[in-house]
Amino acid sequence: MRGSLVLCDYASQDQLAGKVNLMGAGWSMIGPQIGPHAVVAFIKVGWTEANRPHKLALRLADSDGAPVKVPGPAGEQQIQFSGNLEVGRPPGLPEGSEIDATFAINLLPLPLVPGQRYEWLLEVDDKVLASEGFLVRRLPQQSAQPPPFVPPEPGTPGPPA
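Quick caveat, the model's predicted, so the values are computed rather than measured.

Caption draft 1: Here's a closer look at the overall build of the chain. Secondary structure assignment for the chain yields 0 helices and 12 strands. Over its C-alpha atoms the chain spans a radius of gyration of 25 Å, topping by over 25% the 15 Å that the globule rule assigns to 161 residues. With respect to the three principal axes, the spread of C-alpha positions in the chain is 100 × 40 × 25 Å. Per-residue burial for the chain yields a buried fraction of 32% across its 161 residues.

Rendered as structure tokens:
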């Protein structure tokens, strides 16, 4: 089994066609004010891995690999999406073929720290299958204020004319 992740502004899944439609895809920097965005997973399930249940998780980690936690109704909770993955072999598919499995998660703005790196991790059966990192841009620096004007003392020459 192999997989990849794509970060984008928005994604919608077309179940009938087996496709994911992406808008604003392929970025690796966001913010500093973080808006809604999406994470899309593309998984290729091997022939011998089909017709079996697999444990699936998509989680967000900080630059140290620790789970990112946000305030929630029951206290702090990890940003993680868990589920099961099981794909069948379509009739007529040649033996040895890979089977596509995709999913898209659209997210509301997350309270992430400007200037920090984060990484989405896609895990299948407790093994990291794919990862995609991104940086939250720093807040713009305030422009330096010029020093306040101090008039010269009386009797000192002014600037040349």
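Still to come is the rest of the account.
Caption draft 2: Main features of the layout of surface pockets. Size it by volume and the largest pocket reaches roughly 230 Å³. Lining the largest pocket are 13 residues, and of these Gln13, Gly18, Asp100, Ala101 and Thr102 lie nearest its centre. Within the residue set of the lining of the largest pocket, elements represented by two or more residues are β2 (10-14), β3 (19-23), β5 (37-45) and β10 (99-107). In terms of residue count, the dominant contributor to the lining of the largest pocket is β10 (4 residues).

Caption draft 3: Seen up close, the sheet that holds β5. Strand order in this open sheet of 3 strands is β1-β5-β10, and the pairing throughout is antiparallel. Edge strands, defined here as strands with exactly one partner in the open sheet, are β1 (2-8) and β10. If you compare each strand with its neighbour and ignore which way they point, the axes differ by 15° on average. One ladder, built from 7 bridges, connects β1 with β5; its direction is antiparallel. Paired with leucine 7 across the bridge in β5 is valine 39.

Caption draft 4: Expanded view of the pairing of β2. Pairing geometry for β2 and β3, over 5 bridges, is antiparallel. Across the sheet, residue aspartate 14 finds its bridge partner in β3, namely lysine 19. Counting the residues that bridge the hairpin from β2 to β3 gives 4 residues, and of these glycine 18 lies at a positive phi of roughly 70°.

Caption draft 5: Region of the structure containing unusual backbone geometry. Each neighbour pair has its own omega, and for glycine 31 with proline 32 the value is 15°, a cis peptide bond. With respect to the secondary-structure elements, proline 32 resides in the loop between β4 (29-30) and β5. A positive phi angle, close to 60°, is found at asparagine 51, a residue other than glycine. As for its placement among the helices and strands, asparagine 51 is situated in the loop between β5 and β6 (54-62). Of note in the backbone geometry, aspartate 126 takes a positive phi value of approximately 65° without being a glycine.

Caption draft 6: Looking closely at the sheet that holds strand β12 (residues 127-136). The sheet built from 5 strands is open, its strands ordered β4-β12-β11-β6-β9 with mixed pairing. Two strands lie at the open edges of the sheet, namely β4 and β9 (80-85), each paired on one side alone. Inspection of the sheet shows β6 paired to strand β11 (residues 117-124) by 7 bridges, in the antiparallel sense. By the bridge assignment, arginine 59 is partnered in β11 with leucine 121.

Caption draft 7: The packing of aromatic side chains, seen in detail. On inspection of all chains with the given rule, the structure shows 3 aromatic pairs. The interplanar angle of 90° and the centroid separation of 5.8 Å between the aromatic rings of tryptophan 27 and phenylalanine 134 together place this pair among those described as edge-to-face. Of this pair, tryptophan 27 sits in the loop between β3 and β4 while phenylalanine 134 sits in strand β12, placing them 107 residues apart in sequence. Tryptophan 27 sits in the buried class, given a relative accessible area of 14%. A residue is classified by how much of its surface remains accessible, and phenylalanine 134, at 1% relative accessible area, is buried.

Conventions adopted
- Residues numbered from 1 in each chain as written.
- Predicted model: local features only at pLDDT ≥ 70, side-chain atom pairs only at ≥ 80, totals over all residues.
- Heavy atoms only, no water.
- Helix = DSSP H or I, 4+ residues; strand = E, 2+ residues; numbered from the N terminus.
- Rg over C-alpha atoms; globule rule 2.2 N^0.38 Å.
- Buried < 20%, exposed > 50% of the residue type's maximum accessible area, 1.4 Å probe, protein only.
- 1 Å grid on protein atoms, 1.4 Å probe; cavity = no way out; pocket = protein on both sides within 12 Å on 5 of 7 lines; lining within 4 Å.
- Points joined across faces, edges and corners; volume = space filled by probe spheres on them.
- Pairing = 2+ DSSP bridges.
- Axes fitted to C-alpha atoms, helices over the stretch in contact; angles between N-to-C directions.
- Phe/Tyr/Trp six-rings, centres within 6.5 Å; stacked < 30°, edge-to-face > 60°.

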